[in-house]
Amino acid sequence: MPELRLNLITKEWVIISTEKAKRPDDFKSRKRGRILPEFVATCPFCPGNEDKTPPEVYCIPESSKWKIRIIPNKFPALDREAERARTNKGLRHSISGFGIHDIVIETPLHNMTTALLPLEEVVEIIRAYKKRFIEMHSDPRIGHVIIFKNQGTGAGTSLEHPHSQLIGTPVTPFQVRSRIEEAIRFFDITGECLICRIMKEEKEDGSRIIFETEHFVAVIPYAALSSFHTWLLPKRHVGSFSDISDEEMSDLALNLKIVLSKLYIGLSNPDFNYSVRSNRPNDAKSEYFHWYINIMPRLSASAGFEMGSGIFINNSLPEESAEYLRNVKVP
Ligand SMILES: [Zn+2]
Ligand SMILES: [Zn+2]
């Protein structure tokens, strides 16, 4: 029988459709393998084409080239030069389109993917995220910064070259605000952080844990929104990603690489999104909020029902997905 499960972080219901449940390896990506070259002359992110992008705001050099470049998005969603000005006219509220939109070019190699990158290079990417996350937040016009990656056309990007993005917005998005409010509500009732409590229960239960390292736990949520939806939860309670230590950054890189390698091998290199869910640096000491990373392989498209109701349908059992990923061996 199908089951509805409640995601306590968002208070959203998810239909776990066990009737239609497929076997975990039925989710393997069907996209036709296309061998990408290491270098594409027309790609603006490939080495030698640096003049096709705006000047970088950060760069990790390596011999004659670079290892990582962070550049302003040439076609930004928001304008970094604008003033933050609010207008309220009756029921019409608006803010000028101020914001900061950065692209992190993760490697000079056009055909690389996080799963295959050397660990030290993934550590450098995390370090670059932290640096820009803190810098963007130091601008008083910024209300929230989201760090995210879209890999593949199914995840919303047409640019093949490995990259991720940071967008600083002048407002706190509703999705973030509602997670913070739910976390406060849970703390008011129980005196506990919701994520710390979830992590404790998941570790006791064990069935949805994929693996854990010294500083992180990789788990498929009880009410996973879609197949193989995964959380990377830091074991140390802290409200903001800005507070991550050097040791935790190395361990996070290892975790990200293991999860993405398990997806790459076990599900044949699916498109995916990941994002860092974090409070602001000023709220790092918050007792109720706990930052984490959300990873979503794009294995099926969400449709009208999800859009219309906000109720997701997951055609896989989170416990089976976790077991499947536990057993995928990574190098
Ligand atoms: Zn390229
Ligand atoms: Zn916590």
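Note that the structure is a prediction, hence the values are computed from the model and not measured.

**Comments concerning the coordination of the zinc ion (ligand 2)**
Six octahedral donors around a metal ideally subtend angles of 90 or 180 degrees, whereas four tetrahedral donors ideally subtend 109.5 degrees.
No. 1: The coordination sphere of the zinc ion (ligand 2), as far as protein atoms go, consists of Cys-193 (SG), Cys-196 (SG), His-237 (ND1) and His-290 (ND1), spread over 2.0 to 2.3 Å.
No. 2: In the primary structure, the donors to the zinc ion (ligand 2) are separated according to the pattern C-x2-C-x40-H-x52-H. On the criterion of sequence distance, the pair formed by His-237 in the loop between strand E12 (230–234) and helix H4 (246–266) and His-290 in the loop between strand E13 (272–277) and strand E14 (292–297) is long-range, its members being 53 residues apart.

**Looking at the packing of helix H1 (residues 119–137) against H4**
No. 1: The N-to-C vectors of H1 and H4 enclose an angle of 120 degrees; their axes lie 8 Å apart at closest approach. Put simply, H1 runs oblique to H4. The hand of the H1/H4 crossing is right-handed. Contacts between H1 and H4 involve Leu-119, Val-122, Val-123, Ile-126, Arg-127 and Lys-130 on the former and, on the latter, Asp-246, Met-249, Ser-250, Leu-252, Ala-253, Leu-254, Leu-256 and Lys-257.

**Things to note about the side chain of His-101**
No. 1: With respect to the helices and strands, His-101 occurs in strand E7 (residues 100–105).
No. 2: Looking at His-101, its side chain comes within polar contact range of the side chain of Gln-165, at 2.8 Å.
No. 3: Once you skip the residues sitting within four places of it in the chain, His-101 turns out to touch Ile-71, Pro-72, Asn-73, Pro-76, Ala-77, Arg-80, Gln-165, Leu-166 and Ile-167.

**Focus: the packing of aromatic side chains**
No. 1: Here the structure, examined in full by the defined rule, presents 6 aromatic pairs.
No. 2: Look at Phe-216 and Trp-291: their rings are 6.1 Å apart centre to centre, the planes differ by 70 degrees, and that puts the pair in the edge-to-face class. With Phe-216 in strand E11 (residues 216–219) and Trp-291 in the loop between E13 and E14, this pair connects stretches of sequence that are 75 residues apart. An identical accessibility class is assigned to Phe-216 and Trp-291; each is buried.
No. 3: Where Phe-241 meets Trp-291, the ring centres are 5.3 Å apart and the plane angle is 75 degrees; that geometry is what we call edge-to-face. In this pair, Phe-241 is assigned in the loop between E12 and H4 and Trp-291 in the loop between E13 and E14, connecting sequence segments 50 residues apart.
No. 4: Phe-241 sits in the buried class, given a relative accessible area of 1%.
No. 5: Its end group placed over the ring of Trp-66, Arg-69 keeps NZ or CZ at 5.8 Å from the ring centre.

**Some details on helix H6 (residues 318–326)**
Counting along an α-helix, one turn takes 3.6 residues, and residues three or four places apart therefore face a common direction.
No. 1: Regarding H6, the residues found buried are Pro-318, Glu-319, Ser-321, Ala-322 and Leu-325. Axial view of H6: buried residues confined to an arc of 160 degrees, hence all on one face.
No. 2: Looking at the buried residues of H6, the elements they touch are strand E1 (3–7), strand E2 (12–16), strand E10 (209–212), H4 and strand E15 (312–314).

Analysis parameters
Residues numbered from 1 in each chain as written. Chains lettered and ligands numbered in written order. Predicted model: local features only at pLDDT ≥ 70, side-chain atom pairs only at ≥ 80, totals over all residues. Heavy atoms only, no water. Donors = N, O, S within 2.8 Å, 3.2 Å for Na, K, Ca; no water. Helix = DSSP H or I, 4+ residues; strand = E, 2+ residues; numbered from the N terminus. Axes fitted to C-alpha atoms, helices over the stretch in contact; angles between N-to-C directions. Parallel < 35°, antiparallel > 145°, perpendicular 65-115°, else oblique. Left-handed = near helix turned anticlockwise from the far one by under 90°. Contact = heavy atoms within 4.5 Å. Polar contact = N/O pair within 3.5 Å; in protein donor to acceptor, adjacent residues only side chain to side chain. Phe/Tyr/Trp six-rings, centres within 6.5 Å; stacked < 30°, edge-to-face > 60°. Buried < 20%, exposed > 50% of the residue type's maximum accessible area, 1.4 Å probe, protein only. Lys NZ or Arg CZ within 6 Å of the ring centre and 35° of its normal. Arc of directions from axis to C-beta.

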